[in-house]
Amino acid sequence: MSNIIWKIKTFEEFTVPELYAVLKARIDVFVIEQNCPYPDLDDYDQKAVHIWAEEDGEVLANCRIFNKGIKYPETSIGRVLTTEKARGKNLGRQLIKYAVETIENRFGISQIRISAQDYLLKFYGEFGFEDTGKKYLEDGIPHTEMLRK
């Protein structure tokens, strides 16, 4: 894991191979691994800033961020993943750190809302996200809305 490259791009800045690699990673984690068939292509990719780590063209960690008013009244982070191959190497922590920094730098805002899978509440808490008390099932997976002020 020594040749990892971090990228931050809008949808229009993607190359076709980059877009394919990001979508493949999302399907591998969210659809295949979590056994959750859902419509990943939700027409929000075009409105997002995408952040990912890759090695030799393979996506290892990925998320997308949104300015306020797109997914929530606040800025937000979503589609957060670390691939099975990359887990345990702190890429998820780096990813969230970069996502928060990117939101603060690009949008000048520190308040961020996320929809977190429940097993990751402690992880997101490390970055200042707090449980809002709003809990729900999304595609059969328990989630909690969290807010970073």
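Values in this document were obtained by computation on a predicted structure and should not be read as measured data. (Residues numbered from 1 in each chain as written. Predicted model: local features only at pLDDT ≥ 70, side-chain atom pairs only at ≥ 80, totals over all residues. Heavy atoms only, no water.)

Moving on: the pattern of salt bridges. In the structure shown here, the tally under the stated rule is 19 salt bridges. The residue E145 makes a salt bridge to K134 at a minimum N-O spacing of 3.6 Å. Remark: K134 occurs in strand β6 (residues 129–138) and E145 occurs in strand β7 (residues 141–148); sequence separation between them is 11 residues. What emerges from the salt-bridge pattern is a single network uniting R26, D40, D42, D45, R64 and R79. (Salt bridge = Lys/Arg side-chain N within 4 Å of Asp/Glu carboxyl O. Helix = DSSP H or I, 4+ residues; strand = E, 2+ residues; numbered from the N terminus.)

What follows deals with the nonpolar core. In this structure, I65, I77, I114, Y124 and F129 are the most contacted members of the largest nonpolar core, which totals 23 residues. Secondary-structure elements contributing two or more residues to this core are β2 (49–55), β3 (58–66), α2 (91–107), β5 (112–117) and α3 (121–125). Looking at this core, the element that brings in the most residues is α2, giving six residues. Setting aside anything within four residues of it in sequence, one finds F129 in contact with I77, I96, V100, I112, I114, Y124, M146, L147 and R148. If you look at the next biggest cluster of nonpolar residues, it comprises 10 residues, including F14, A21, A25 and Y38. (Core = buried A, V, L, I, M, F, W, Y, C linked by side-chain atoms within 4.5 Å. Buried < 20%, exposed > 50% of the residue type's maximum accessible area, 1.4 Å probe, protein only. Contact = heavy atoms within 4.5 Å.)

Moving on, we come to the sheet that holds strand β1 (residues 5–10). Read across the sheet, seven strands follow the order β1-β2-β3-β4-β5-β7-β6 without closing on themselves; strand pairing throughout is mixed. Strands at the two margins of the open sheet, each flanked by one partner only, are β1 and β6. Pairs of neighbouring strands in the sheet enclose a mean axial angle of 20°, with direction left out of account. Where β5 meets β7, six bridges bridge the pair, whose relative direction is antiparallel. When the bridges of β7 are listed, R113 appears paired with L147. Each of β1, β2, β3 and β4 (75–82) touches helix α1 (residues 16–33); the most contacted strand, β4, lies at about 75° to it. Packing of α2 onto the sheet brings it into contact with β1, β2, β3, β4, β5, β6 and β7, and relative to β3 it is tilted by some 35°. (Pairing = 2+ DSSP bridges. Axes fitted to C-alpha atoms, helices over the stretch in contact; angles between N-to-C directions.)

Here we come to the layout of surface pockets. Within this model, the largest pocket holds a volume of roughly 890 Å³. Secondary structure elements with two or more residues in the lining of the largest pocket: α1, β3, β4, α2, β5, α3, β6 and β7. In terms of residues, the lining of the largest pocket owes the most to one element, β4, which gives seven residues. For the lining of the largest pocket, the per-class residue count stands at 20 nonpolar, 10 polar and 10 charged. Considering only enclosed or pocket space, the second largest pocket measures out at about 190 Å³ in volume. Every residue lining the second largest pocket is listed: Y20, A21, K24, A25, D28, V29, E33, E58, V59, T83, E84 and K85. Mapped onto the lining of the second largest pocket, the elements with two or more residues apiece are α1 and β3. (1 Å grid on protein atoms, 1.4 Å probe; cavity = no way out; pocket = protein on both sides within 12 Å on 5 of 7 lines; lining within 4 Å. Points joined across faces, edges and corners; volume = space filled by probe spheres on them. Nonpolar A, V, L, I, M, F, W, Y, C, P; charged D, E, K, R; others polar.)

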